[in-house]
Amino acid sequence: MKRLPFPILFTIILTARVIPQTEHTLMPVPEKFFFGTGVLLVDSAFSVSLSGYIEPRLERAATRTLARLSLQTGIPLSGTPVRSGGRLEIHCDGPAEGVQSAIEDESYTLMISAAGARLSAARPYGILRGLETFLQLVESGREGFHVREVQIEDKPRFPWRGVLIDVCRHWIPMDVLKRNIDAMAAVKMNVLHWHLTEDQGFRIESKRFPRLHQMGSDGKYFTQDQVREIIAYARDRGIRVVPEFDMPGHTTSWFVGHPELASAPGPYAIERGWGIFDPTIDPTREDVYNFLFAFIGEMAVLFPDPYFHIGGDEVSGKHWDANPAITEFKRKHAMLDNHDLQAYFNKRVSAILQRHGKRMVGWDEIMYPDLPKDIVVQSWRGQKSLAAGARDGYTGILSYGYYLDHIRPASFHYQIDPLGAEAADLNGDGKRRILGGEACMWAEFVTAENIDSRIWPRTAAIAERLWSPESVRDTNDMYRRLEVTSGWLEWLGVTHRSSYPLMLQRLTNHKPIEALQTLSDVLEPVKFYERPRARRYTSFTPLNRLVDATRPESDRARVFATRVDEFLADPERKKNADLLHRWLSVWEANHAKLEPLLSSSGILRETVPLSQNLSHLAAVGLKALESLQSGKEIVWDKDTGAMLDDASKPHAELLIMVAPAIRKLVEGAGALR
Ligand code: ACM
């Protein structure tokens, strides 16, 4: 298929017929696209060919594409690419450097007509991204499976689009990492930020200092062979792996085997709780830097990425203040506070990294006036902090607003823009210093069982914010496509949907889960840092309760709220009335069905108030609905107000997410007292 320049094709198609362009489910939305009316069949004769520059990574990607097509369609397909003339022709112009850098050409062009498809790109990264787009276009129609005619020209808005996975607070094994890498690649993310060391675990083998992982991990660590396996797996998908070794705080696990690095005498034990802890590396001693030089040297060879994350967040400073040798060091060097001391430490570490050929990345706290300008600041504190760094000449990435453990809805993450209002006054260079962002999956409240459900599908909304043009901002359309995206992500092996019924089944002791799911579907876990405030958690606390199974975002509650608003906006009070009546009736009746199960289960008993409140809420919701329809105002009694108040409070660390919309109905029907 001969390639026509995009504008020419665009014009031809545009003049031929106006076609609705919104009815696609691509996520992230490509920069430019135009759909035609025809389709290219995906049947058992489907084939893929490679031309131009060919490398094993591209051959494996083509093979994987065929396997994925087979999975998506159920059609057996030849497992390997053909020499030429494939129904999907892949053409790559040339190679990329051996090690993927932070800024690569990821652009691609995808032209699909009824006669064939052609994916072309200057570099392998564009091919990898374009193949994911192709796979997202596969759908079933009148004649079986097909992809629609389309012309796509696409490239990312930001070069750095990552996910941080904390494998320390809870152990996250190889297979879970791999399936999440697959899902990241599917939404065109390109950095796995591997948070490898923490107070609660040193999760990587050090051959130079084996006591680090042997004594600091309970045996749960990645061998260096496994690390290489993950890096190769990610590289195959165009994903960089940036390791984080958090220092000088968050280092308790280092000191179990190496107490001599610490600011206070040992002995130390692996931390089992969550929070900010006092153990801190002693930044005043030369033997500490000799150790770090050797350790970082070992890790710098293992991880090919040019960036190396040293954390630097949340240094308590208490052990520095309590150590006379450290306070004397500060006095001698005219350091005013612990921030000065940490800046000294960062400069020493930055010099070590430079000698090992790496660029330093750290959290906001590493910012200090005379740090070298080649460091990268990852902002968890806010867009203002990110923009301030960029103004001062520092490269930055945004994670504020992308904390998945805060259990915020996809719509919240979606409106967080690394180049938002705070960056408005940056000049072109300043804006270019903001490389992108990372979703953060801190692992205090996730295990291998439910981590996927906390990452997906919400991270796809973040992926779109980081890839798609700034103008792509329609939240309703995002949710429409996210629903489809969430479905097909399961094909890749992530278990964000399938783990839910299994976890509910454990809770019902293998009895039917429907009634429990009816409740759980309108709940969400509490937000921010409310869980550790609700009770004492440690790494030994089982995460097997309803709060651990319940999805982070209730789609049912979101849709219900929209339907209520539409109902209230309709002067005739007809719109959605039947639907609302039906849902409220189901919720009202649910408690009677569920109560025997809940009260006979030690693990579910704590959710009785939630189930009860949902039933009460639904009952007053029904009354309000009838009143609004009949026009007969209700005078609510005091108990109704008290019930609504209680129903909006957390129980068992869970919130009833339909409570605010039901309150709207109630208040619409009459004044609360
Ligand atoms: C952080 O959340 N302390 C990076």
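All chains use their own residue numbering, which begins from 1 and follows the written sequence. Only residues with pLDDT of at least 70 are given local features in this predicted model, and only at 80 or more are side-chain atom pairs given and counted; all residues enter the totals for whole chains, interfaces and linings. Only heavy atoms go into the side-chain values, all of them from the structure, while hydrogens and water stay out.

Scanning the chain from N- to C-terminus turns up 26 helices and 18 strands. Against the 2.2 N^0.38 benchmark of 26 Å for 673 residues, the chain shows a C-alpha radius of gyration of 27 Å, consistent with a compact globule. Every one of the 673 residues in the chain was classed for burial, and the buried ones make up 60%. Restricting the contact set of the chain to residue pairs at least 6 apart, pairs at least 24 apart contribute 75%. Only the protein chains shown count as cover for residues, and all accessible areas are computed by the Shrake-Rupley method using a 1.4 Å probe. Accessible area for the chain stands at about 26,300 Å²; split by element, carbon and sulfur atoms hold 54% of it. Neither His nor the chain ends contribute to the count of charged residues, in which Lys and Arg are positive and Asp and Glu negative. A single reference atom marks each charge: NZ on Lys, CZ on Arg, CG on Asp, CD on Glu. For the chain, the distance from the average site of its 82 positive side-chain charges to the average site of its 86 negative ones is 1 Å. For the purposes of this entry, the term helix denotes a DSSP run of H or I that reaches at least four residues, the term strand denotes a run of E that reaches at least two, and both are numbered from the N terminus. Each radius of gyration is computed over the set of C-alpha atoms, and the globule rule expresses the reference value as 2.2 Å times the number of residues to the power 0.38. Buried residues are those whose accessible area, probed at 1.4 Å on protein chains only, stays under 20% of the maximum for their type, while exposed residues exceed 50% and partly exposed ones sit between those limits. Contacts: residue pairs with any heavy atoms within 4.5 Å of one another.

Salt bridges are defined as contacts in which a side-chain nitrogen from Lys or Arg sits within 4 Å of a carboxyl oxygen from Asp or Glu. If you walk through the whole model with that rule in mind, you get 49 salt bridges. A salt bridge links arginine 285 to aspartate 282, with the shortest nitrogen-to-oxygen separation between them at 2.9 Å. Judged by its relative accessible area of 26%, arginine 285 is partly exposed. The buried category is assigned to aspartate 282, whose relative accessible area is 3%. Each of Arg531, Arg535, Arg545, Asp548, Glu606 and Glu653 takes part in one network of salt bridges that share partners.

Before going further, it helps to spend a moment on the packing of aromatic side chains. Think of it this way: a Phe, Tyr or Trp ring, Trp meaning its six-membered ring, pairs with another when their centres are within 6.5 Å, and the plane angle makes it stacked under 30 degrees, edge-to-face over 60, tilted otherwise. Counting across every chain of the model gives 24 aromatic pairs. Centroid distance tryptophan 380 to tyrosine 403: 6.5 Å. Interplanar angle 15°. Geometry classified as stacked. Here tyrosine 403 lies in the loop between strand 15 (395–398) and helix 13 (410–414) and tryptophan 380 lies in the loop between strand 14 (376–379) and helix 12 (383–391), a separation of 23 residues in the sequence. For tryptophan 380, a relative accessible area of 23% translates into the label partly exposed. On the basis of relative accessible area, tyrosine 403 is assigned to the buried category, the value being 7%.

Since one α-helical turn is 3.6 residues long, residues separated by three or four positions face the same way. Under the 1.5 Å per step criterion, the end-to-end length of helix 23 (residues 577–599) is 33 Å for 23 residues, consistent within 8% with the ideal 33 Å. Along helix 23, the sharpest change in direction is near 40° and occurs at lysine 593; proline proline 596 comes one to four residues later. Among the residues making up helix 23, those that are buried are Ala577, Leu580, Trp583, Leu584, Trp587, Asn590, His591, Leu594, Leu597 and Leu598. Packing partners of the buried residues in helix 23 comprise helix 19 (514–520), helix 22 (555–569), helix 24 (608–630) and helix 26 (659–669). Given the number of residues in a helix, its expected span is that number minus one, multiplied by 1.5 Å. Note on bend: the value at a residue is the angle between axes fitted to the seven residues ending there and to the seven starting there.

A separate point is helix 26. Within the span of helix 26, buried status applies to Ala659, Ala661, Ile662, Leu665, Val666 and Ala669. For helix 26, the buried positions fall inside an angular range of 165° around the axis, keeping them on one side. Looking at the packing, one finds that the buried side of helix 26 touches helix 22, helix 23, helix 24, helix 25 (638–647) and strand 18 (654–656). The arc in question is formed by the directions pointing from the helix axis toward the C-beta atoms.

With that settled, consider the pairing of strand 9 (residues 191–198). Most of strand 9 sits inside the fold, with eight of its eight residues counted as buried. Handedness of the crossover joining strand 8 (residues 160–166) and strand 9 through helix 4 (residues 174–186): right-handed. Two elements, strand 9 and strand 11 (residues 240–245), share six bridges in a ladder whose sense is parallel. Across the sheet, residue valine 191 finds its bridge partner in strand 11, namely arginine 240. Seen with its strands pointing away from the viewer, a crossover is right-handed when the path leading from the first strand over the helix to the second is clockwise. Note on pairing: two strands pair once DSSP finds at least 2 bridges between them.

Of all eight residues in strand 16 (residues 434–441), eight are buried; the element is thus mostly enclosed. As judged from the six bridges shared by strand 8 and strand 16, these two strands associate in the parallel manner. Bridge pairing links valine 163 to alanine 439 in strand 16. Here strand 15 pairs with strand 16 via three bridges, running parallel. Opposite isoleucine 397, over in strand 16, you have glycine 436 as the bridge partner.

Mapped onto the elements, serine 627 comes out in helix 24. The class for serine 627 is buried, based on a relative accessible area of 6%. Discounting chain neighbours no more than four positions away, the residues touching serine 627 are Lys632, Glu633, Ile634 and Ala669.

A word on the nonpolar core. In this description, a nonpolar core means a group of buried Ala, Val, Leu, Ile, Met, Phe, Trp, Tyr and Cys residues linked to one another through side-chain atoms lying within 4.5 Å. Judged by nonpolar contacts, the single largest core of 145 residues is most densely connected at Trp194, Phe245, Met247, Trp254, Leu292, Phe295 and Phe303. With nine residues, helix 8 (residues 286–302) is the single largest residue contributor to this core. Apart from the residues within four sequence positions on either side, tryptophan 254 is in contact with Thr197, Phe202, Leu212, Phe245, Asp246, Met247, Leu261, Phe291, Leu292 and Phe295. Among the nonpolar cores identified, the runner-up in size contains 51 residues, and Val522, Leu594, Leu604 and Leu644 belong to it.

The next point concerns the packing of helix 23 against helix 24. In this description, a line fitted to the C-alpha atoms serves as the axis of each element, helices being fitted only across the stretch in contact, and the angle between N-to-C directions of two axes falls anywhere from 0 to 180 degrees. Across the interface, helix 23 lies against helix 24 with an axial gap of 8 Å and an inter-helix angle of 155°. The angle between helix 23 and helix 24 falls in the class roughly antiparallel. The two elements helix 23 and helix 24 cross, and the hand of that crossing is left-handed. Packed against helix 23, whose contacting residues are Ala577, Leu580, His581, Leu584, Ser585, Trp587, Glu588, His591, Leu594, Leu598 and Ser599, the element helix 24 presents Val608, Ser611, Gln612, Leu614, Ser615, Ala618, Ala619, Gly621, Leu622, Leu625, Glu626 and Gln629 at the interface. Each residue gets one of three labels, nonpolar for Ala, Val, Leu, Ile, Met, Phe, Trp, Tyr, Cys and Pro, charged for Asp, Glu, Lys and Arg, and polar for the others, Gly among them. Grouping the amino acids of the contact of helix 23 with helix 24 by side-chain chemistry returns twelve nonpolar, nine polar and two charged. Roughly parallel covers angles under 35 degrees, roughly antiparallel covers those over 145, roughly perpendicular covers 65 to 115, and oblique covers all other angles. In a left-handed crossing the near helix is turned counterclockwise from the far helix by less than a right angle, and in a right-handed crossing that turn is clockwise.

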